[in-house]
Amino acid sequence: MSLAGSLGLPGWLAEPLWQRQWKKVVAEAKGTAMQGYYAAPQLAPDTPLGDVSIIALDFESDGLAEDAALLEVGWVTLRSGGIALSGARRRRIHVTKGLEAKAVTIHQITDSAAAEGAPEAEVLGELLEALNGAVVLAHFAQIEAQFLNTACQRQFGVPFLGRFICTKHLEEHWFPKVRAADGLRLGKLRAQYGLPWYRAHDGLTDAIACAELFLAQLARKDAPSLTLGDVLCPM
């Protein structure tokens, strides 16, 4: 039961803002390619974390602007306290315009490689199917949420709404301390947990790296009765 519910507040006040937003978007999605995603039942915040399907994902993009072209996405499922690599996916997204030279040096996806990708709507459709009924896990989740929302509106005219877990937010919230300016970067945090170095800026590798970091954080937290609400990121 939510805090508002436990206090006996009226229904309209007890209903979380997120639920009202969800209902609004469900109505907007009717008849669109996102109807299936929004048809999935939503888990309550008091759902035991072990019962939650979690998808770690990472986008590679042509810059960090909200409307930057998406070049690649990788995702992997966390299930029963482990990472199900059998379902891991990396999809390259078709882009025809010339890419930003500065971004290419980071993600190393060239113009010719981007031109061979699949249509963005096709990749998003596959991703939304994977996300059906799941919670999204990402490092610095606000950026991935922004990319996903913009892409869904671009292709389907419907915003993306979902629950997110952010490993960066969990680290700040659960284990606060004074850090270097780049101390919360994915690679830096992984090193602190003794996790191996992976080459960054590959969609699937970064998704797996984030999933491993999340499992390491849960082990350090050592709280077996965690619920979904304990790990959700305020967006």
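Above this note sits the structure.
Let us look at the structure shown here. Not measured: the values here are computed from a predicted model. (Residues numbered from 1 in each chain as written. Predicted model: local features only at pLDDT ≥ 70, side-chain atom pairs only at ≥ 80, totals over all residues. Heavy atoms only, no water.)

**Some details on the layout of surface pockets**
In this structure, the largest pocket occupies an estimated 970 Å³ of space. When contributions to the lining of the largest pocket are tallied by element, the ones reaching two or more residues are strand 1 (54–61), helix 5 (101–107), helix 8 (141–156), helix 10 (186–192) and helix 11 (203–221). The greatest single-element share of the lining of the largest pocket, amounting to five residues, is contributed by helix 10. Volume-wise, the second largest pocket comes out at about 500 Å³. Lining the second largest pocket are 18 residues; nearest its centre among them are Trp18, Gln21, Gly162, Cys233 and Met235. The set of elements that each furnish at least two residues to the lining of the second largest pocket consists of helix 3 (17–29) and helix 8. Per-element tally for the lining of the second largest pocket: the top contributor is helix 3, with four residues. For the lining of the second largest pocket, the per-class residue count stands at twelve nonpolar, five polar and one charged. (1 Å grid on protein atoms, 1.4 Å probe; cavity = no way out; pocket = protein on both sides within 12 Å on 5 of 7 lines; lining within 4 Å. Points joined across faces, edges and corners; volume = space filled by probe spheres on them. Helix = DSSP H or I, 4+ residues; strand = E, 2+ residues; numbered from the N terminus. Nonpolar A, V, L, I, M, F, W, Y, C, P; charged D, E, K, R; others polar.)

**A short note on empty space enclosed by the protein**
Inspection of every chain in the model, using the stated rule, returns two cavities of 30 Å³ or more. The computed volume of the largest cavity comes to approximately 90 Å³. Taken together, Trp22, Tyr37, Pro41, Gln42, Leu43, Leu131, Gly133, Ala134, Val135, Leu161, Gly162 and Arg163 form the lining of the largest cavity. For the lining of the largest cavity, the class distribution of residues is eight nonpolar, three polar and one charged. Its volume calculated, the second largest cavity comes out at about 30 Å³. The wall of the second largest cavity is formed by Leu57, Asp58, Ala138, His139, Leu186, Asp206 and Cys210.

**Here we look at the sheet that holds strand 4 (residues 135–138)**
Spatially, the five strands line up as an open sheet ordered 3-2-1-4-5, and their pairing is mixed. Both outer strands of the open sheet, strand 3 (82–92) and strand 5 (164–166), are each paired with one neighbouring strand and no more. With direction set aside, neighbouring strand axes in the sheet form an average angle of 25 degrees. Relative to strand 3, strand 2 (residues 70–79) is paired through seven bridges, and the arrangement is antiparallel. Bridging across to strand 3, Thr77 finds its partner in Ala84. (Pairing = 2+ DSSP bridges. Axes fitted to C-alpha atoms, helices over the stretch in contact; angles between N-to-C directions.)

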